[in-house]
Amino acid sequence: MRVMKEIRTKLTIKDIKVLDKASDVSHRMKNAYIRTKEKDGQNRHNEDSNYVDNAVGTVKDGSEKVAREAVTAGKYGKNTVWKIRERRRAGTNTSNSATGVYQPGHARKTGAGVSRAERKWDQTLQNPVCQPAKGMAKTAQKRVKTAERSAKTAIKTSQSATRTAVKAAQSSQRAAQAARAAARAATASAKAAAKTMAVTIKAIIATLKSLIAIIAAGGWAAVVVILLICLVGLMSSSVFGVFFSNEDTGKNTPVMSEAVSRLNGELTAKLEQIEKENPHDTLALSNNGSSNMVSNWRDILAVYAVKVAADPEKGMQVATLDNTKAGILRDIFWDMNKIDYWLETVEHTDGKTTSTETVLHIRVTAKSYSDMMAQYHFDPQQVGMLNELVQDKYNQLFMRLIGSYTDITLSPQEVAAITQNLPPDLDEQRRNTILAAYSLIGNVSYFWGGKSTVIGWDSRWGTPTKVTAEGSSTTGAVRPYGLDCSGYVAWVFANAAGNADVVEIIGTGTASQYAACTPVNWSSALPGDLAFYPDLSHVGIVVGKQNGDLLIANCNARENNVTLTSVSGSSSSGFYIIGRPKLFE
């Protein structure tokens, strides 16, 4: 009974529980793999590739730990089986072992000599709970190996998955870098586009301000038509954008009026070069029957706007001017203004003697916008745009571009400053004459024989023109068109009255203007009276007094412009006579 008390099935059950640990290996391996996969999924978007090694290490360490536990459990189970077998073989021989422990070299008792305790012991050992111990140990070993293989497979699978994740992350990173580079380029382009748009908007605003000034001076109906068209179609890429090209963009590029002036200068220089290189007695200079050398600037600019902005393949905005577009304008200018010249020998005889005269003929052939439609192969859409641009309603806008327009409207501040030098009781007719005289100071060049009865700005002013009037050293030369002294006086009186017919009263020449006046003493001169040279070679308008001196506005050949002269008294070498226009009587 003592032996039976020591031999308990509890030990076997304990060993079976240990073996159950080995049976749990596959579950642990599965859980380890799942945790590894989840961790890999969490780290998939991490840009740092070190997470791959961490994940692999975790799987490997977990697998090795489970494998070691499984092997230990297997060994433990195997030892337990051997102990059970040894106890079974030992039998219950009291002479050898009082405790029933197996002694090697002793045979078991069988048959009738086997006691009840021994039989019960055999039954215990043959119990189904104990019999599978050996098989379970082997199964545990197999599961350990399976677990090891599964761990290795899981590690490889995890490594492959993480490598794929790294490659995906690297591809994403490269894509992100490319996207950032594209974003930077797009930002730079956006900034450049915004800057260009800001320049265009600035030009639009400036031009609209100028149009408002025109409205204030009159001509409202025509400006309304222009504004409506401009507000609908004047974008930087439209042909109407050319009307904004005279505004300063803050860059080292010319505005349109400067580009026009340069081309006028180039034409004048070529004409002078032809004169110098071809000795002659007489110069015969013509331009399609006009004395104005460049008579087609409106057409040139209209063709330029259509050719540049409406080009179907490489159109550019014309609201601003750069060196490339200035070059295109130059090409168009010379395509539309061709210079021809030749020498002619003319014999003169009075019946007794014969003389020869060498005549240099220079002809500038100016083409119109219609000539360029065919030469530049404009399509129907471009032809339609060009026909619209050359309408008369846009003439004043073109004048601003070609440098033949100057805003002569006096500001309220300027009017106030001028009025300070006028008598407080001066009548309105004289006051208007003074303001008209001041409006052209510094704005119009001197031109021998230049006359104008235009109310407002004359579009011919500033354009290269041949001097045709006789009696001047400039006769026959090409100069910017303007006014002479008497022409200036006639224009002032016409504009002061708002009626060109006044010129018939005041006269168009110095002599006729003197005849239209009543002589008065120098000390009695009033603003609006005329001042003449003793020989009537020059005339000006008295516009006020300053510090006791008379202020005389006149178009002066020496100054080559309309200027203001301060005179302390009459002089035989200068202004000498004061005449009061009968118009004021």
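Located above this text is the structure these notes cover.
Residues numbered from 1 in each chain as written. Predicted model: local features only at pLDDT ≥ 70, side-chain atom pairs only at ≥ 80, totals over all residues. Heavy atoms only, no water.

### What to know about the nonpolar core
Rules: Residues belong to a common nonpolar core when they are buried Ala, Val, Leu, Ile, Met, Phe, Trp, Tyr or Cys residues joined through side-chain atoms within 4.5 Å. Only protein chains enter the accessibility calculation, which uses a 1.4 Å probe. A residue is then buried if its area is under 20% of the maximum for its type, exposed if over 50%, and partly exposed in between. Only runs of H or I of at least four residues qualify as helices and only runs of E of at least two qualify as strands under DSSP, and these elements are numbered from the N terminus.
One finds Phe243, Met256, Leu271, Trp297, Tyr304 and Leu329 to be the most contacted residues of the largest nonpolar core, which totals 50 residues. Those elements giving two or more residues to this core turn out to be helix H8 (256–277), strand E1 (282–286), helix H9 (297–309), helix H10 (323–336), strand E3 (354–366), helix H11 (369–375), helix H12 (380–389) and helix H13 (395–401). Here the element with the most residues in this core is H9; it accounts for 10 residues. Ranked by size, the runner-up nonpolar core spans 41 residues in total, among them Tyr405, Ile434, Val467 and Ile577.

### Thoughts on H9
So the rule is basically this: Here the expected span of a helix is defined as 1.5 Å times the quantity of residues minus one. We call two residues in contact when some of their heavy atoms are within 4.5 Å.
Taking 1.5 Å of rise per residue, the 13 residues of H9 would be expected to cover 18 Å, and the 18 Å separating its terminal C-alpha atoms lies within 8% of that figure. Counting buried positions along H9 gives 11 out of 13 residues, so the element sits mostly inside the fold. Buried within H9 are the following residues: Trp297, Asp299, Ile300, Leu301, Ala302, Val303, Tyr304, Ala305, Val306, Val308 and Ala309. In the core, the buried residues of H9 are packed alongside H8, H10, strand E2 (337–349), H11, H12 and H13.

### Structural notes on H12
The condition is simple: Note that the arc is computed from the directions linking the helix axis to the C-beta atoms.
Those residues of H12 that fall on the buried side of the exposure criterion are Gln382, Leu386 and Leu389. Projected onto a plane normal to the axis of H12, the buried residues spread over an arc of 60° and lie on a single side. In H12, the exposed residues that point more than 90 degrees away from the buried face are Pro380 and Gln381. Tucked into the core, H12 has its buried residues touching H9, H11 and H13.

### Overview of the sheet that holds E3
We apply this condition: Pairing between strands requires that DSSP locate at least two bridges from one strand to the other. For helices, the fitted line uses only the C-alpha atoms of the stretch in contact; every axis is such a line through C-alpha atoms, and the angle between N-to-C directions lies from 0 to 180 degrees.
An order of E1-E3-E2 is seen for the three strands of this open sheet, with the pairing classed as mixed. At either margin of the open sheet sits one strand with a lone partner, and together these are E1 and E2. Between one strand and the next, the sheet's axes are offset by a mean angle of 20°, whatever the strand orientation. Summarising the sheet, E1 and E3 pair through five bridges and their orientation is parallel. Bridge pairing links Ser286 to Arg363 in E3. Docked against the sheet, H10 engages E2 and E3, running at close to 35° with respect to E2.

### Remarks on the packing of aromatic side chains
Keep this limit in mind: A pair of Phe, Tyr and Trp rings is counted when the ring centres sit within 6.5 Å of each other, with Trp represented by its six-membered ring. The angle between the planes then sorts it: under 30 degrees is stacked, over 60 is edge-to-face, the rest tilted. Any Lys NZ or Arg CZ that is within 6 Å of a ring centre and within 35 degrees of that ring's normal is treated as a charge sitting over the ring.
Tallied over the entire structure, the rule returns 12 aromatic pairs. With centroids separated by 5.0 Å and ring planes inclined at 85°, the aromatic side chains of Phe333 and Trp334 adopt a geometry described as edge-to-face. By the burial criterion, Phe333 is buried, and Trp334 matches it. Between Lys270 and the ring centre of Trp334, over which it is positioned, the NZ or CZ distance is 3.9 Å.

### Concerning the pairing of E2
Where E2 and E3 come together, 13 bridges link them in antiparallel fashion. Paired with Val346 across the two strands is Glu357, which belongs to E3. Counting the residues in the hairpin turn of E2 and E3 gives four residues, including Gly351, whose phi is positive at 100°.

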